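Given next are the chains, with one letter for each unit.
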Amino acid sequence: MAIKRGNYRKKKVSSTSWKKQLKSWSIRIVVGFFALSIFWVLCLKFINPPITYLMIKRGFQWQSEGKGFKIEKDWLPYDDLSNNLKRAALAGEDAHFMSHNGFDTDAIKQALEKNQSGKPLRGGSTISQQVAKNVFLWPGRSWLRKGLETYFTFLIEIIWSKKRILEVYLNVIEMGQGVYGAEAASHYYFNKSAKSLTKKEAALIIAILPNPRQWDARRPSNYVNSRANNIVRYLSHYEIPD
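Now for a description of the structure that goes with this document. (Residues numbered from 1 in each chain as written. Predicted model: local features only at pLDDT ≥ 70, side-chain atom pairs only at ≥ 80, totals over all residues. Heavy atoms only, no water.)

Another aspect to go through is unusual backbone geometry. Here N191, not a glycine, exhibits a phi torsion of approximately 55°, which is positive. Residue position: N191 is located in the loop between α8 (182–190) and α9 (199–207). You can call N191 exposed: its relative accessible area is 70%. (Helix = DSSP H or I, 4+ residues; strand = E, 2+ residues; numbered from the N terminus. Buried < 20%, exposed > 50% of the residue type's maximum accessible area, 1.4 Å probe, protein only.)

Next comes the structure, spelled out in C-alpha coordinates:
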(Lines give C-alpha, C1' and ligand atoms only; values in the text may rest on other atoms or scores of the structure.)
Protein backbone atom coordinates (compact mmCIF):
# COMPACT_ATOMS: atom_id res chain seq x y z
CA MET A 1 0.00 0.00 0.00
CA ALA A 2 2.86 2.41 0.78
CA ILE A 3 4.20 2.04 -2.74
CA LYS A 4 0.79 2.70 -4.21
CA ARG A 5 0.37 5.79 -2.08
CA GLY A 6 3.79 6.97 -3.15
CA ASN A 7 2.91 6.50 -6.79
CA TYR A 8 -0.37 8.33 -6.22
CA ARG A 9 1.45 11.25 -4.59
CA LYS A 10 3.95 11.40 -7.44
CA LYS A 11 1.13 11.44 -9.98
CA LYS A 12 -0.69 14.12 -8.01
CA VAL A 13 2.46 16.28 -7.76
CA SER A 14 3.17 15.74 -11.45
CA SER A 15 -0.40 16.72 -12.38
CA THR A 16 -0.24 19.82 -10.20
CA SER A 17 3.12 20.80 -11.69
CA TRP A 18 1.79 20.37 -15.23
CA LYS A 19 -1.21 22.60 -14.47
CA LYS A 20 1.05 25.27 -13.01
CA GLN A 21 3.26 25.20 -16.09
CA LEU A 22 0.24 25.41 -18.39
CA LYS A 23 -1.12 28.37 -16.44
CA SER A 24 2.28 30.05 -16.48
CA TRP A 25 2.68 29.65 -20.24
CA SER A 26 -0.90 30.77 -20.87
CA ILE A 27 -0.25 33.97 -18.94
CA ARG A 28 3.01 34.54 -20.84
CA ILE A 29 1.27 34.06 -24.20
CA VAL A 30 -1.55 36.46 -23.32
CA VAL A 31 0.82 39.11 -21.93
CA GLY A 32 3.10 38.64 -24.95
CA PHE A 33 0.19 39.10 -27.35
CA PHE A 34 -0.94 42.32 -25.71
CA ALA A 35 2.61 43.69 -25.53
CA LEU A 36 3.36 42.82 -29.17
CA SER A 37 0.05 44.16 -30.50
CA ILE A 38 0.40 47.45 -28.62
CA PHE A 39 3.99 47.80 -29.87
CA TRP A 40 2.83 47.04 -33.43
CA VAL A 41 0.10 49.67 -33.33
CA LEU A 42 2.47 52.19 -31.76
CA CYS A 43 5.06 51.62 -34.52
CA LEU A 44 2.50 52.12 -37.27
CA LYS A 45 1.54 55.44 -35.75
CA PHE A 46 4.82 56.71 -37.21
CA ILE A 47 5.72 54.12 -39.87
CA ASN A 48 3.57 53.65 -42.97
CA PRO A 49 2.40 50.03 -43.44
CA PRO A 50 4.48 48.65 -46.34
CA ILE A 51 1.96 45.98 -47.36
CA THR A 52 -1.11 44.17 -46.05
CA TYR A 53 -2.31 40.58 -46.03
CA LEU A 54 -5.16 41.49 -48.39
CA MET A 55 -2.73 42.96 -50.94
CA ILE A 56 -0.71 39.76 -50.97
CA LYS A 57 -3.80 37.56 -51.18
CA ARG A 58 -5.29 39.56 -54.05
CA GLY A 59 -1.90 39.57 -55.80
CA PHE A 60 -1.78 35.78 -55.86
CA GLN A 61 -5.42 35.63 -56.97
CA TRP A 62 -4.58 37.96 -59.83
CA GLN A 63 -1.56 35.79 -60.70
CA SER A 64 -3.65 32.60 -60.63
CA GLU A 65 -5.86 34.15 -63.30
CA GLY A 66 -2.81 34.48 -65.55
CA LYS A 67 -2.58 38.26 -65.22
CA GLY A 68 0.64 38.45 -63.24
CA PHE A 69 1.23 39.46 -59.64
CA LYS A 70 -0.30 42.93 -59.37
CA ILE A 71 -0.10 45.38 -56.49
CA GLU A 72 -0.35 49.04 -57.44
CA LYS A 73 0.13 51.45 -54.52
CA ASP A 74 1.85 54.73 -53.83
CA TRP A 75 1.68 56.36 -50.39
CA LEU A 76 0.58 59.99 -50.31
CA PRO A 77 0.88 61.92 -47.01
CA TYR A 78 -2.32 63.17 -45.43
CA ASP A 79 -1.65 66.85 -46.13
CA ASP A 80 -1.13 66.10 -49.84
CA LEU A 81 -4.40 64.20 -50.25
CA SER A 82 -7.27 66.16 -51.74
CA ASN A 83 -9.65 67.53 -49.12
CA ASN A 84 -12.43 66.53 -51.51
CA LEU A 85 -11.38 62.91 -51.09
CA LYS A 86 -11.17 63.15 -47.30
CA ARG A 87 -14.66 64.61 -47.08
CA ALA A 88 -15.98 62.10 -49.61
CA ALA A 89 -14.65 59.24 -47.46
CA LEU A 90 -16.58 60.52 -44.47
CA ALA A 91 -19.72 61.25 -46.49
CA GLY A 92 -19.72 57.87 -48.20
CA GLU A 93 -18.23 55.53 -45.60
CA ASP A 94 -18.43 56.94 -42.08
CA ALA A 95 -20.65 59.94 -41.38
CA HIS A 96 -19.82 60.00 -37.65
CA PHE A 97 -16.09 59.43 -37.98
CA MET A 98 -15.12 62.60 -36.14
CA SER A 99 -17.38 61.94 -33.15
CA HIS A 100 -17.40 58.17 -32.53
CA ASN A 101 -14.78 56.17 -30.63
CA GLY A 102 -14.26 53.62 -33.40
CA PHE A 103 -17.74 52.08 -33.39
CA ASP A 104 -20.88 53.69 -34.78
CA THR A 105 -23.59 52.04 -32.68
CA ASP A 106 -26.41 53.65 -34.67
CA ALA A 107 -25.01 52.37 -37.97
CA ILE A 108 -24.49 48.89 -36.51
CA LYS A 109 -28.08 48.84 -35.23
CA GLN A 110 -29.45 49.94 -38.61
CA ALA A 111 -27.34 47.33 -40.40
CA LEU A 112 -28.66 44.58 -38.11
CA GLU A 113 -32.24 45.71 -38.64
CA LYS A 114 -31.80 45.70 -42.43
CA ASN A 115 -30.33 42.21 -42.37
CA GLN A 116 -32.85 40.45 -40.14
CA SER A 117 -34.22 38.74 -43.23
CA GLY A 118 -31.26 36.35 -43.10
CA LYS A 119 -29.19 37.99 -45.82
CA PRO A 120 -25.43 38.49 -45.27
CA LEU A 121 -24.61 41.30 -42.87
CA ARG A 122 -23.80 44.53 -44.66
CA GLY A 123 -22.78 47.96 -43.44
CA GLY A 124 -22.02 49.18 -39.96
CA SER A 125 -18.20 49.15 -40.20
CA THR A 126 -16.51 52.46 -39.48
CA ILE A 127 -13.35 53.73 -41.15
CA SER A 128 -11.47 52.80 -37.96
CA GLN A 129 -12.77 49.22 -38.14
CA GLN A 130 -11.82 48.97 -41.81
CA VAL A 131 -8.29 50.16 -41.01
CA ALA A 132 -8.01 47.59 -38.20
CA LYS A 133 -9.19 44.83 -40.53
CA ASN A 134 -7.04 45.81 -43.53
CA VAL A 135 -3.80 46.67 -41.75
CA PHE A 136 -3.63 44.14 -38.93
CA LEU A 137 -5.84 41.22 -39.92
CA TRP A 138 -7.08 39.00 -42.73
CA PRO A 139 -10.37 38.90 -44.67
CA GLY A 140 -13.05 36.74 -43.12
CA ARG A 141 -16.21 36.61 -41.04
CA SER A 142 -15.23 34.38 -38.13
CA TRP A 143 -15.91 35.39 -34.54
CA LEU A 144 -12.16 35.29 -33.85
CA ARG A 145 -11.40 37.79 -36.61
CA LYS A 146 -14.30 40.01 -35.56
CA GLY A 147 -13.06 39.95 -31.98
CA LEU A 148 -9.53 40.89 -33.04
CA GLU A 149 -10.95 43.62 -35.27
CA THR A 150 -12.74 45.10 -32.26
CA TYR A 151 -9.54 44.91 -30.21
CA PHE A 152 -7.36 46.60 -32.85
CA THR A 153 -10.02 49.23 -33.51
CA PHE A 154 -9.96 50.04 -29.81
CA LEU A 155 -6.15 50.29 -29.88
CA ILE A 156 -5.82 52.59 -32.90
CA GLU A 157 -8.54 54.88 -31.57
CA ILE A 158 -6.52 55.26 -28.35
CA ILE A 159 -2.99 55.40 -29.81
CA TRP A 160 -3.52 57.06 -33.21
CA SER A 161 -5.18 60.36 -34.04
CA LYS A 162 -8.22 60.65 -36.31
CA LYS A 163 -5.90 62.24 -38.86
CA ARG A 164 -3.60 59.20 -38.86
CA ILE A 165 -6.51 56.77 -39.09
CA LEU A 166 -7.93 58.57 -42.12
CA GLU A 167 -4.48 58.86 -43.71
CA VAL A 168 -3.83 55.12 -43.40
CA TYR A 169 -7.34 54.30 -44.61
CA LEU A 170 -6.98 56.37 -47.79
CA ASN A 171 -3.59 54.80 -48.52
CA VAL A 172 -4.25 51.09 -47.97
CA ILE A 173 -7.90 50.47 -48.83
CA GLU A 174 -8.63 48.36 -51.92
CA MET A 175 -9.86 50.70 -54.66
CA GLY A 176 -9.75 48.51 -57.75
CA GLN A 177 -8.36 45.26 -59.14
CA GLY A 178 -4.85 45.22 -57.74
CA VAL A 179 -5.13 48.93 -56.89
CA TYR A 180 -4.67 50.16 -53.31
CA GLY A 181 -4.84 53.64 -51.91
CA ALA A 182 -5.98 56.96 -53.28
CA GLU A 183 -2.86 57.89 -55.23
CA ALA A 184 -2.76 54.65 -57.23
CA ALA A 185 -6.53 54.79 -57.74
CA SER A 186 -6.42 58.40 -58.96
CA HIS A 187 -3.81 57.56 -61.59
CA TYR A 188 -5.62 54.34 -62.52
CA TYR A 189 -9.02 55.96 -63.03
CA PHE A 190 -8.30 59.59 -63.90
CA ASN A 191 -4.58 59.79 -64.86
CA LYS A 192 -3.89 62.36 -62.17
CA SER A 193 -2.66 62.62 -58.60
CA ALA A 194 -4.93 62.33 -55.59
CA LYS A 195 -3.68 65.81 -54.70
CA SER A 196 -6.00 67.40 -57.25
CA LEU A 197 -9.16 65.30 -57.40
CA THR A 198 -12.37 67.17 -58.13
CA LYS A 199 -15.43 66.64 -55.95
CA LYS A 200 -17.01 64.27 -58.47
CA GLU A 201 -13.81 62.30 -59.06
CA ALA A 202 -13.27 61.88 -55.33
CA ALA A 203 -16.90 60.85 -54.85
CA LEU A 204 -16.68 58.27 -57.65
CA ILE A 205 -13.65 56.62 -56.07
CA ILE A 206 -15.39 56.40 -52.70
CA ALA A 207 -18.66 55.28 -54.32
CA ILE A 208 -17.05 52.08 -55.67
CA LEU A 209 -15.54 50.99 -52.34
CA PRO A 210 -18.30 48.54 -51.42
CA ASN A 211 -17.27 46.48 -54.46
CA PRO A 212 -14.01 47.86 -55.95
CA ARG A 213 -13.19 44.74 -57.96
CA GLN A 214 -16.47 44.87 -59.86
CA TRP A 215 -17.30 48.60 -60.09
CA ASP A 216 -15.32 51.12 -62.09
CA ALA A 217 -15.00 54.84 -61.34
CA ARG A 218 -14.27 55.58 -65.01
CA ARG A 219 -17.39 53.86 -66.27
CA PRO A 220 -19.81 54.07 -63.33
CA SER A 221 -23.13 52.27 -63.41
CA ASN A 222 -26.28 54.25 -62.74
CA TYR A 223 -26.17 53.10 -59.13
CA VAL A 224 -22.53 54.13 -58.61
CA ASN A 225 -23.10 57.46 -60.32
CA SER A 226 -26.16 58.12 -58.16
CA ARG A 227 -24.18 57.23 -55.03
CA ALA A 228 -21.37 59.57 -56.09
CA ASN A 229 -23.82 62.41 -56.69
CA ASN A 230 -25.23 61.94 -53.19
CA ILE A 231 -21.71 62.08 -51.76
CA VAL A 232 -20.98 65.31 -53.64
CA ARG A 233 -24.21 66.81 -52.37
CA TYR A 234 -23.15 66.42 -48.75
CA LEU A 235 -19.41 67.13 -48.97
CA SER A 236 -19.66 70.58 -47.46
CA HIS A 237 -21.38 69.16 -44.35
CA TYR A 238 -18.27 67.31 -43.18
CA GLU A 239 -15.30 68.55 -41.21
CA ILE A 240 -12.04 66.63 -41.57
CA PRO A 241 -9.09 66.16 -39.19
CA ASP A 242 -6.54 68.99 -39.30
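A few words on the pattern of salt bridges. One pass over the full model with this rule turns up twelve salt bridges. The residue K70 makes a salt bridge to E72 at a minimum N-O spacing of 3.8 Å. Given a relative accessible area of 15%, K70 falls into the buried group. Three or more residues are tied together by salt bridges with common partners; here these are R58, E174 and R213. (Salt bridge = Lys/Arg side-chain N within 4 Å of Asp/Glu carboxyl O.)

Nonpolar side chains collect at one region of the surface, where V30, F33, F34 and I38 lie side by side and expose about 330 Å² of accessible area between them. Turning to its location among the elements, F33 is positioned in helix α1 (residues 2–43). (Patch = residues over 30% accessible without salt bridge, like charges linked within 9 Å, V, L, I, M, F, W, Y side chains within 5 Å. Areas by Shrake-Rupley, 256 points an atom, 1.4 Å probe, with all protein chains shown as cover.)

This part takes up helix α2 (residues 53–64). For α2, spanning twelve residues, the distance from its first C-alpha to its last is 17 Å, which sits close to the expected 16 Å at 1.5 Å a residue. Restricting attention to buried positions, one finds in α2 the residues L54, M55, R58, G59 and W62. Buried residues of α2, viewed axially, fall in a sector of 135°; they line one side. Against β1 (72–73), α5 (127–136), α7 (162–172), β2 (174–176) and β3 (179–180) lie the buried residues of α2. Two residues or fewer past α2, G66 is found with a positive phi of approximately 80°. (Expected span 1.5 Å × (residues − 1). Arc of directions from axis to C-beta. Contact = heavy atoms within 4.5 Å.)

On to the nonpolar core, then. Nonpolar side chains in soluble globular proteins generally cluster together in the buried interior. Formed by 56 residues in total, the largest nonpolar core has its most connected members in I127, V131, F136, W160, L166 and Y169. Only α3 (83–93), α5, α6 (143–159), α7, β3, α8, α9 and α10 (222–234) provide two or more residues apiece to this core. Residues in contact with L166, not counting those within four places in the same chain, are Y78, K86, A89, L90, F97, I127 and P241. (Core = buried A, V, L, I, M, F, W, Y, C linked by side-chain atoms within 4.5 Å.)

Tallied over the entire structure, the rule returns twelve aromatic pairs. Where F60 meets F69, the ring centres are 5.1 Å apart and the plane angle is 75°; that geometry is what we call edge-to-face. A centroid spacing of 4.7 Å and a plane angle of 5° characterise the contact between F136 and F152, whose relative ring orientation is stacked. Of this pair, F136 sits in helix α5 while F152 is found in helix α6, placing the two residues 16 residues apart along the sequence. On the accessibility criterion, F136 (7% relative accessible area) is buried. The exposure class of F152 is buried, given its relative accessible area of 3%. Across the ring face of Y78, the terminal group of K86 is positioned such that the distance to the ring centre comes to 3.8 Å. Sitting above the plane of the F97 ring, K162 keeps its charged end 4.5 Å from the centroid. (Phe/Tyr/Trp six-rings, centres within 6.5 Å; stacked < 30°, edge-to-face > 60°. Lys NZ or Arg CZ within 6 Å of the ring centre and 35° of its normal.)

Functional significance is not addressed by these values, which are geometric in nature.
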